[in-house]
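# Chain and residue survey
Below, each chain spelled out in residue letters.
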Amino acid sequence: MKILFDIKHPAQLNLFKGLTNELQEENWDVTICYLQRGKLPNIIKREYPNFQLVPVGSSHGTRWSILWNGNIKRTLAFLDLIKKENYNICVAASSIPLALACKIAGIPIIQFYDDPERKQVNQINASLSTQLFFPPIVKKNHKVSVFNCLKEWSYLSPKRFHPAEDIPAKHGLTPYDYIFIREVSNKSFNYYNQQDGIVGSFAGQIQANTKVILSLEDKSMAGRYPKHWTILQEPVEDIHSLIYYSRMMISSGDSMAREGAMLGVPSVYCGIRNMKANDLLMQSGMLEHLPAETALTFINKTLQKKFDVENQTRVRNKLLDQWDDMTAFMKEQINRYKS
């Protein structure tokens, strides 16, 4: 059986990593396609060393590049690849170009997504895809089904992720003695309407002498942040262990904010988007959505407290009891199409 996965950013890379490894071990012929954007190609090559890797399309941050290179040219490239390789099924996490190519070629595609707010994108994907899957934050119909968790659980569940305590030391850090900050660029599709450098706008007001490691998507903005902060250089070894052993996660992007929450770390999302996926965690008190500098009071108050390791374990065990094994769920859906 031949299967193609499309990956457009690191969150999707992590979503499919365990699944692709298991399929390959079961003798599936797996192809990983990826968008040439930012640091993604280097991370893909590091995280998927034993797979057939195919770059498909590119994005350079402009609206024209996203439309032409990231969508139109990608669709044509996918169509050519599918006809050449005769895949049995394709898998993505919201990829209109791949879905359109599959529709034209007449092969099944299933997609796993968590952003119902992208109504127009989802409508197009639903019309082109065999099936779409979301967390329990949407209404089901003949094309839309649900899985009982958030997609990040596929690689953060205690069944799948075991933090390495030696990782902080490699950065000169002590567990639970630093905060992890993620600053996304507003040059991507998801964040075009968001203020540039949200955390950078109030970075100097975060409690003085706090040890900070910063995952900065746009390195040209490095001068906006305190000099004593450590800026990570991608690809980062075991980034989720770094997050797990932090005392707090602050992110202007939604994916890493959810990751921090699922790792049992006090987490703040500073971006502007209101998302139902975030609401699941906010309702459980695991995530705070405090746009821009409104987060400052919560951040500094939290930094005055000692990190509660026992609560971290309780949070993760509670999710383990309540949620699906996402990787097992995805594999079950894929196996429905085995001939």
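Report follows, based on the coordinates. (Residues numbered from 1 in each chain as written. Predicted model: local features only at pLDDT ≥ 70, side-chain atom pairs only at ≥ 80, totals over all residues. Heavy atoms only, no water.)

### Concerning the overall build of the protein chain
Within the protein chain one finds 13 helices and 13 strands. The C-alpha atoms of the protein chain give 20 Å as radius of gyration, which agrees with the globular expectation for 339 residues (20 Å, within 12%). Once the C-alpha set of the protein chain is aligned to its principal axes, its extents read approximately 60 × 45 × 40 Å. For the protein chain, the residues scored as buried account for 56% of the 339 residues in total. (Helix = DSSP H or I, 4+ residues; strand = E, 2+ residues; numbered from the N terminus. Rg over C-alpha atoms; globule rule 2.2 N^0.38 Å. Buried < 20%, exposed > 50% of the residue type's maximum accessible area, 1.4 Å probe, protein only.)

### A word on the pattern of salt bridges
Taken as a whole and judged by the stated rule, the model has 25 salt bridges. Measuring nitrogen to oxygen at the nearest pair gives 2.3 Å for the salt bridge that ties R273 to D115. With R273 in the loop between β12 (267-269) and α10 (276-282) and D115 in the loop between β5 (109-112) and α5 (119-128), this pair connects stretches of sequence that are 158 residues apart. Residue class for R273 comes out buried when judged on its relative accessible area of 11%. Residue classification places D115 among the buried positions, given a relative accessible area of 3%. Taking the shortest distance from any N to any O, the salt bridge between R258 and E152 comes out at 2.9 Å. You can see R258 sitting in helix α9 (residues 254-262) and its partner E152 sitting in the loop between β7 (144-146) and α6 (153-156), a full 106 residues away along the chain. What makes E152 buried here is its relative accessible area of 0%. Residues joined in a network through salt bridges with shared partners are D114, D115, R118, K151, E152, D254, R258 and R273. (Salt bridge = Lys/Arg side-chain N within 4 Å of Asp/Glu carboxyl O.)

### Side note on the sheet that holds β12
Judged by pairing direction, the sheet is parallel, and its six strands sit side by side in the order β10-β9-β8-β11-β12-β13 without closing on themselves. Among the strands making up the open sheet, the edge pair consists of β10 (230-231) and β13 (287-289). For β12 and β13, the ladder comprises three bridges, and the chain directions are parallel. Looking across to β13, one finds that Y269 is bridged to H289. Contacting β8 (179-183), β11 (248-251), β12 and β13, α9 runs over the sheet at an angle of about 160° to β12. Across the sheet, helix α11 (residues 296-303) lies against β8, β11, β12 and β13, angled at about 160° from β11, the strand it touches most. (Pairing = 2+ DSSP bridges. Contact = heavy atoms within 4.5 Å. Axes fitted to C-alpha atoms, helices over the stretch in contact; angles between N-to-C directions.)

### Some points on the layout of surface pockets
If a probe the size of a water molecule is rolled over the atoms, the empty space left behind becomes visible. Within this model, the second largest pocket holds a volume of roughly 390 Å³. What lines the second largest pocket is a set of 19 residues, among which G264, V265, P266, T302 and N311 lie closest to the centre. The leading source of residues in the lining of the second largest pocket is α11, at three residues. A class-by-class count of the residues in the lining of the second largest pocket yields eight nonpolar, five polar and six charged. (1 Å grid on protein atoms, 1.4 Å probe; cavity = no way out; pocket = protein on both sides within 12 Å on 5 of 7 lines; lining within 4 Å. Points joined across faces, edges and corners; volume = space filled by probe spheres on them. Nonpolar A, V, L, I, M, F, W, Y, C, P; charged D, E, K, R; others polar.)

### Let's talk about the sheet that holds β5
Sheets are built from strands paired through backbone hydrogen bonds, the pairs being either parallel or antiparallel. With parallel pairing, seven strands are arranged side by side in an open sheet as β3-β2-β1-β4-β5-β6-β7. The open sheet is flanked by β3 (52-58) and β7, the only strands paired with a single partner. Along the sheet, successive strands turn relative to each other by an average axial angle of 25°, direction set aside. Here strand β4 (residues 89-92) pairs with β5 via three bridges, running parallel. What sits directly across from C90, in β5, is I109. Relative to the sheet, α5 contacts β5 and β6 (131-134), its axis offset from that of β6 by approximately 135°. Its contacts with the sheet put helix α13 (residues 326-335) on β1 (2-7), β4, β5, β6 and β7, and the angle it makes with β5 is roughly 165°.

### With respect to unusual backbone geometry
In this structure, P235 follows E234 across a cis peptide bond, with omega equal to -5°. In this structure, P235 sits in the loop between β10 and α8 (239-244).

### Section: the nonpolar core
The biggest cluster of nonpolar side chains holds 64 residues, and the ones touching the most others in it are I3, F5, F16, F112, F180, L242 and I334. Considering every element that reaches this core, the biggest residue donor is helix α1 (residues 10-25), with five residues. Leave out the neighbours within four places in its chain, and I3 touches L23, W28, D29, V30, T31, Y87, I89, V91 and I334. (Core = buried A, V, L, I, M, F, W, Y, C linked by side-chain atoms within 4.5 Å.)

### A closer look at the packing of aromatic side chains
Applying the stated criterion to the full structure yields twelve aromatic pairs. Between Y244 and Y245, the aromatic rings sit 4.9 Å apart at their centres with planes inclined by 80°, giving edge-to-face as the arrangement. In this structure Y245 comes out as buried when scored by relative accessible area, which is 9%. Site record: aromatic cluster; members linked through ring pairs are F161, Y176, Y244, Y245 and F307. A cation over an aromatic ring shows up here: K2 above the ring of Y87, its NZ or CZ 5.3 Å from the ring centre. (Phe/Tyr/Trp six-rings, centres within 6.5 Å; stacked < 30°, edge-to-face > 60°. Lys NZ or Arg CZ within 6 Å of the ring centre and 35° of its normal.)

### Examining α1
The end-to-end C-alpha distance of α1, which contains 16 residues, comes to 23 Å, matching closely the 22 Å that a straight helix rising 1.5 Å per residue would cover. The sharpest bend along α1 reaches about 40° and sits at F16. Trailing α1 by a residue or two, N27 shows a phi angle of about 75°, which is positive. (Expected span 1.5 Å × (residues − 1). Bend = angle between axes of the 7 residues up to and from the residue.)

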